[in-house]
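Overview (structure and organization)
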Amino acid sequence: SANALIDIGFHGYAIGGLAVGEGQSAMLDMAAIATSILPPDRPRYLMGVGTPEDLLLSIARGIDMFDCVMPTRSGRHCQAFTWGGRLNLRNARYADDPTPLDPESACPAAHYERAYLHHLVRSGETLGAMLLSYANVQFYQELMVRAREAIEAARFTSFTEEVRRRYAKASDAPDDI
């Protein structure tokens, strides 16, 4: 399919049908195969792939662009992507937590206290989902900016490893949903 598309001569190429149930390893393997065939001087767009780790590992395999509902869907389901890991604001541990959602983020929504966001989520207030979605979209934008900076500074591998460490160490598992 990739070879046939190259023969047509598009200005860029989309890779789809991944991240629909196969494991991360298979998804990354297929992305690597596709990018090894597609012209390196043309944009390569991976459709519907979305965890921070997936994005960084796909960039390492030659992917240039992404789209995904994950930041907003996760926000609507009370999850936040932060520089400290993924957080589930439904968890009782945040009921009295005065810490900002993500002190490393430039997003105004990320500076609300976790306890306040937890209260909004538990109360069923739409504002909670809106603020978490806003913070998540901003986090993804910041992730891509930092990824570009890391590529330019020839430190992308260490940047990716650091983000993966933070997510492995700090991501929440639901404890009281």
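These remarks concern the structure in this document. (Residues numbered from 1 in each chain as written. Predicted model: local features only at pLDDT ≥ 70, side-chain atom pairs only at ≥ 80, totals over all residues. Heavy atoms only, no water.)

1. Describing helix α3 (residues 52-59)
For an α-helix, the turn length of 3.6 residues means that residues three or four places apart are oriented alike. The buried fraction of α3 amounts to seven of the eight residues, a majority that puts the element mostly inside the structure. All of the buried residues in α3 are P52, D54, L55, L56, L57, S58 and I59. (Buried < 20%, exposed > 50% of the residue type's maximum accessible area, 1.4 Å probe, protein only. Helix = DSSP H or I, 4+ residues; strand = E, 2+ residues; numbered from the N terminus.)

2. Considerations on the sheet that holds strand β2 (residues 44-47)
Across the sheet, which stays open at both edges, the three strands sit in the order β1-β2-β3 with parallel pairing between neighbours. Single-partner strands in this sheet number two, and they are β1 (13-15) and β3 (65-67). Taken over all neighbouring pairs, the strand axes of this sheet differ in orientation by 25 degrees on average, direction set aside. Relative to β3, β2 runs parallel, the two being bridged by three bridges. Paired with Y45 across the bridge in β3 is M65. (Pairing = 2+ DSSP bridges. Axes fitted to C-alpha atoms, helices over the stretch in contact; angles between N-to-C directions.)

3. So, the pattern of salt bridges
According to the stated counting rule, one finds seven salt bridges in the structure shown. One salt bridge connects R164 with E53, and the closest N-O pair in it is separated by 2.5 Å. Here R164 is found in helix α7 (residues 156-170), whereas its partner E53 is found in helix α3, with 111 residues between them in sequence. A relative accessible area of 27% means that E53 is categorised as partly exposed. The partner of E162 in a salt bridge is R166, and the shortest N-O contact between them spans 3.1 Å. Here E162 and its partner R166 are both found in helix α7, four residues apart, which amounts to about one turn of the helix. For E162, a relative accessible area of 31% translates into the label partly exposed. Counted as one network, the salt bridges with shared partners bring together E104, R146, E162, R165 and R166. (Salt bridge = Lys/Arg side-chain N within 4 Å of Asp/Glu carboxyl O.)

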